[in-house]
Amino acid sequence: MAGKPKLHYFKVRGRMESIRWMLAAAGIEFEEQYIDSKEDLQKLKNDGCLLFQQVPMVEIDGMKLVQTRAILNYIAGKYNLYGKDLKERALIDMYCEGTVDLNEGIMMLYFKPADTKEKELQSILEKASTRYFPVYEKVLKDHGQDFLVGKQLSRADVQLLESILMVEELKADILSTFPLLKAFKGRISNIPTIKKFLQPGSARKPAMDEKTAAEVIKKFH
């Protein structure tokens with residue numbers, strides 16, 4: 001019997017967090033090997049574990065997978081979170097790319113210079129409320145189902161919930177004009193595997209802050 005997936009990354013959300021979400025949503029237990037120093041990262045490189053010399057890296061099914069999208073695609077496909085056919089998969093990919101774009105801005109926010117941070121924050125909130133969330137609100141309205149694609153949970157639902165919660169950490173009432181997204185958040189958050197991941201003490205990592213960002217920069221740059 002195969003062992004648990006092992007995740008190699010820093011002890012922060014970063015590009016591994018969506019992978020943690022996906023495994024948790026699938027109900028899969030996993031282990032984490034944190035990278036705490038430049039030496040830890042260099043060892044992975046020297047051992048030939050990092051195909052492109054960067055993390056995240058996930059050991060799963062005898063493979064050492066790198067590149068976030070590739071890892072997410074594999075997990076979603078393996079655990080039936082990737083639609084029933086090619087058309088559904090295309091929609092899932094399209095919706096996920098939107099959440100990735102939004103998450104990227106949030107992820108990098110605390111690494112921005114202090115004098116530009118407020119401007120970056122307002123840009124993120126504007127994009128969320130005028131570019132991204134209106135799209136998902138319309139998708140739910142037009143589709144008329146509980147999920148973004150088809151009639152069952154997919155990678156798109158998991159990643160959208162992750163994005164919603166990240167934006168709410170920046171502006172708690174961001175969903176005030178998006179009633180379908182607000183209902184979607186409640187529904188998906190109550191799926192048992194996801195509900196468990198949202199509880200204190202889970203593998204979900206806390207939001208980044210200035211102090212953590214400074215520590216990461218000091219350790220690895």
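Below is a short write-up of the structure. What you see is a predicted model, and the numbers here were worked out from it, not measured in a lab. (Residues numbered from 1 in each chain as written. Predicted model: local features only at pLDDT ≥ 70, side-chain atom pairs only at ≥ 80, totals over all residues. Heavy atoms only, no water.)

1. Overview of the pattern of salt bridges
Here's step 1: Enumeration according to the criterion identifies 18 salt bridges in this entry.
Here's step 2: The closest approach of N and O atoms between glutamate 97 and arginine 69, which form a salt bridge, is 2.9 Å. Placement of glutamate 97 in helix 4 (residues 86-109) and of arginine 69 in helix 3 (residues 68-78) is noted, with a sequence separation of 28 residues between them.
Here's step 3: With relative accessibility at 41%, the residue arginine 69 sits in the partly exposed group. (Salt bridge = Lys/Arg side-chain N within 4 Å of Asp/Glu carboxyl O. Helix = DSSP H or I, 4+ residues; strand = E, 2+ residues; numbered from the N terminus. Buried < 20%, exposed > 50% of the residue type's maximum accessible area, 1.4 Å probe, protein only.)

2. Concerning helix 1 (residues 17-25)
Here's step 1: Counting buried positions along helix 1 yields nine of nine residues, so the element is predominantly enclosed.
Here's step 2: Backbone geometry just downstream of helix 1 places glycine 27 in the positive-phi region, at approximately 75°.

3. Some words on the sheet that holds strand 4 (residues 63-66)
Strands pair in a sheet through their backbones, by hydrogen bonds, and they do so in one of two ways: parallel or antiparallel.
Here's step 1: Sheet architecture is open: four strands sit in the order 2-1-3-4, paired in mixed fashion. Strand pairing shows two members of the sheet lacking a second neighbour, strand 2 (31-34) and strand 4, which therefore form its edges. Across the sheet, the axes of successive neighbouring strands diverge by a mean angle of 20°, strand direction being ignored.
Here's step 2: As paired strands, strand 1 (residues 6-9) and strand 2 are joined by four bridges and run parallel to one another. Note on strand 2: the bridge partner recorded for histidine 8 is glutamine 33.
Here's step 3: Strands in contact with helix 3 are strand 3 (57-60) and strand 4; relative to strand 4, the strand with the most contacts, it is inclined by about 125°. (Pairing = 2+ DSSP bridges. Axes fitted to C-alpha atoms, helices over the stretch in contact; angles between N-to-C directions. Contact = heavy atoms within 4.5 Å.)

4. Section: empty space enclosed by the protein
Over the atoms rolls a probe the size of a water molecule, and its path tells where empty space is left.
Here's step 1: Evaluated as defined, the whole model comprises one cavity of 30 Å³ or more.
Here's step 2: Approximately 30 Å³ is the volume attributed to the largest cavity.
Here's step 3: Together, Arg13, Glu17, Trp21, Glu162, Leu165, Met166 and Arg204 line the largest cavity.
Here's step 4: Counted by class, the lining of the largest cavity contains three nonpolar, no polar and four charged residues.
Here's step 5: The two domains that each donate at least three residues to the lining of the largest cavity are domain 1 (6-79 + 198-209) and domain 2 (86-190). (1 Å grid on protein atoms, 1.4 Å probe; cavity = no way out; pocket = protein on both sides within 12 Å on 5 of 7 lines; lining within 4 Å. Points joined across faces, edges and corners; volume = space filled by probe spheres on them. Nonpolar A, V, L, I, M, F, W, Y, C, P; charged D, E, K, R; others polar. Domains from an automatic or database assignment.)

5. Concerning the nonpolar core
Here's step 1: Ile19, Val55, Phe133, Leu148, Leu181 and Ile194 are the most contacted members of the largest nonpolar core, which totals 69 residues.
Here's step 2: Both of domain 1 (6-79 + 198-209) and domain 2 (86-190) provide at least three residues apiece to this core.
Here's step 3: Once you skip the residues sitting within four places of it in the chain, isoleucine 19 turns out to touch Leu7, Pro56, Val58, Thr68, Ile71, Leu72 and Ile75. (Core = buried A, V, L, I, M, F, W, Y, C linked by side-chain atoms within 4.5 Å.)

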